[in-house]
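# Observations on the three-dimensional arrangement
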Amino acid sequence: VCVAGYGPSGGNEILQLLPPPTLQAKETQGLCPERDFKVECGGFSNRPVYSLKCVPDTSLLVTSGPPDSSLQVWQVSAEDSDVIKSVSAIPTENGTGQPWARIATISARAPWVLHGSRLDNVHITEVESRKNVYVAASRSSEELSGLAFLDCNTLLLCCAKGQLCLADVRQPQSPLEAVSVPSAPCGERWCVGVGRGPQGSDSSSQPVACLSSGGHLTLTDVRKTSESLASAKCRVPSPSSGAEFLCVSWAPALEGCLAVSGFDGTVHVYDARSWDSSGREAEPVFVHKGHAFGGWDSGGGPPLVTVHTWHPQKPRTLLSAASDGSLHVWDWVQSCGKC
């Protein structure tokens, strides 16, 4: 597990942590005496780390953060060293003054990073050679809130104002066409999460969840992002004004389950299989409140969950981090009636 700090001053840590034995076991175990993460190696970043991605099939990490849209590439240490060191930077044209870049990685053909801060500066760069592989064609300067590889040829881009856009690496000259999220309320910021299709299906049937700063969730499909399949309202304490930590993700090993965070110190798990197009408030099947009781963050306020992710194999296991520097790994159990 890799984590990093995002403080405004220099000296933010980047750490690779070894999960506790109970998380690495293939089968569910009982009580385990060792429940803490162990630091395997680490380094320091002289800028805040707002996004961190491992590059599959390599020992490289890619990070992004203010004050511009450039990327930093890191080498995780070899066996004889415990240092994560900076190896290169990927600058972007006219990147100074731009928002920090959203990033996604893949290694289908070669280790690639998809990155961009606005719709008119989306690139794919080969991580090791820093060769530019793809530049999106767009006249729009809408700010991006997320992007993802659907496969090695297809990209999904999400704008902060709620537009979705599909792009094809094989057609770099085709202008990007952004389509608004169905029934998207105006004035809210949006983020996106892409799931896996049913077992045996191709990438064209991947589900897409769009989450707004007001707590609205809209489900669609990459085959037709302009049509809503279902919608709901999250049970959030209050709409998020900043929306910088909004996060929605599909469970990789549970059909129809997704998790939402970024509004407070909790992570909500929903079962979306019964949702319709009414947009009514959805009841979470589980709420993780561990971070909310962890004390105060550096700003003197209650902790805010900054990111969460699902364990790739354990169906009901998630990891979450918060603004007080806490990292939790937890399982959830769906309640049965009034049990």
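Each remark here, short or long, concerns the structure printed above.
Let us look at the structure shown here. (Residues numbered from 1 in each chain as written. Predicted model: local features only at pLDDT ≥ 70, side-chain atom pairs only at ≥ 80, totals over all residues. Heavy atoms only, no water.)

## Details of the overall build of the chain
Spelled out, the test is: Under the scheme used here, helices are H or I runs from DSSP no shorter than 4 residues and strands are E runs no shorter than 2 residues, and both carry numbers assigned from the N terminus. The buried label applies to any residue whose accessible area, calculated with a 1.4 Å probe on protein chains only, is under 20% of its type's maximum; exposed applies above 50%, and partly exposed to all values in between. Only heavy atoms enter the contact rule, under which two residues are in contact if any of them lie within 4.5 Å. A 1.4 Å probe and the Shrake-Rupley method give the accessible areas. Residues count as covered only by the protein chains that appear here.
Across its full length, the chain carries 1 helix and 26 strands. Of all 339 residues assigned to the chain, the portion counted as buried reaches 51%. Taking as baseline every contact in the chain between residues at least 6 positions apart, the subset at least 24 positions apart corresponds to 47%. Counting every atom, the chain has about 16900 Å² of accessible surface; 49% of that belongs to carbon and sulfur.

## A short note on the sheet that holds strand 2 (residues 12-18)
For clarity, the cut-off: At least two bridges found by DSSP between two strands are what make those strands a pair. Every axis corresponds to a line fitted to the C-alpha atoms, with the helix fit spanning only the stretch in contact, and the corresponding angles, defined between N-to-C directions, vary from 0 to 180 degrees.
Reading across from one edge, 1-2-3 is the order of the 3 strands in this open sheet, with antiparallel pairing throughout. A single partner strand is all that each edge strand has here, and the edge strands are strand 1 (2-4) and strand 3 (38-45). Shown here is a sheet whose adjacent strand axes are inclined to one another by a mean of 20 degrees, direction ignored. Two strands pair when backbone bridges link them, and strand 2 and strand 3 are joined in this way by 7 bridges, in the antiparallel orientation. Bridged to Leu 17 within strand 3 is Val 39.

## Quick notes on the environment of Ile 90
Structurally, Ile 90 can be placed in strand 7 (residues 85-90). Classification of Ile 90 as buried rests on a relative accessible area of 3%. Sequence separation between Ile 90 and Val 73 is 17 residues, and the spatial gap between their C-alpha atoms is 7.6 Å. Beyond its immediate sequence surroundings of up to four residues, Ile 90 is in contact with Ser 70, Leu 71, Val 73, Val 113, His 115, Thr 125 and Arg 130.

## A word on the pattern of salt bridges
Close approach of charged atoms lets side chains of opposite charge pair. Under the convention used in this document: Salt bridges, as used here, are contacts in which a Lys or Arg side-chain nitrogen is within 4 Å of a carboxyl oxygen on Asp or Glu.
Enumeration according to the criterion identifies 9 salt bridges in this entry. A salt bridge links Arg 189 to Glu 143; its shortest N-O distance comes to 3.3 Å. Note that Arg 189 is positioned in the loop between strand 15 (179-180) and strand 16 (190-194) and Glu 143 in the loop between strand 11 (132-135) and strand 12 (144-149), a separation of 46 residues in sequence. Residue Arg 189 is classed as partly exposed on the basis of its relative accessible area, which comes to 30%. Among the charged side chains, a salt-bridge network with shared partners connects Arg 235, Glu 281 and Glu 283.

## Description of the pairing of strand 13 (residues 154-159)
Burial within strand 13 is extensive, with 6 of its 6 residues counted as buried. Where burial is concerned, the two faces of strand 13 agree: the one with Thr 154, Leu 156 and Cys 158 and the one with Leu 155, Leu 157 and Cys 159 are both buried. In terms of strand pairing, strand 12 meets strand 13 through 5 bridges, oriented antiparallel. For Leu 144, the partnering residue across the bridge sits in strand 13 and is Cys 159. Linking strand 12 back to strand 13 in an antiparallel pair, the connection comprises 4 residues.

## Here we look at the packing of aromatic side chains
Cut-off, in case you're wondering: Only centres within 6.5 Å qualify two rings of Phe, Tyr or Trp (six-membered ring in Trp) as a pair; their planes then separate them into stacked at under 30 degrees, edge-to-face at over 60, and tilted for everything else.
Tallied over the entire structure, the rule returns 5 aromatic pairs. Summarising the aromatic geometry, the rings of Tyr 6 and Phe 245 are spaced 5.6 Å apart at their centres and angled 65 degrees between planes, so their arrangement reads as edge-to-face. Remark: Phe 245 occurs in the loop between strand 19 (230-233) and strand 20 (247-250) and Tyr 6 occurs in the loop between strand 1 and strand 2; sequence separation between them is 239 residues. Among the residues examined, Tyr 6 registers a relative accessible area of 32% and is labelled partly exposed. Assessed through its relative accessible area of 14%, Phe 245 is described here as buried. Ring geometry for Tyr 270 versus Trp 275: centroids 5.9 Å apart, planes at 65 degrees, classification edge-to-face. You'll find Tyr 270 and Trp 275 in the same group, each marked buried. Members of the aromatic cluster, connected to one another through ring pairs, are Tyr 6, Tyr 50, Trp 100 and Phe 245.

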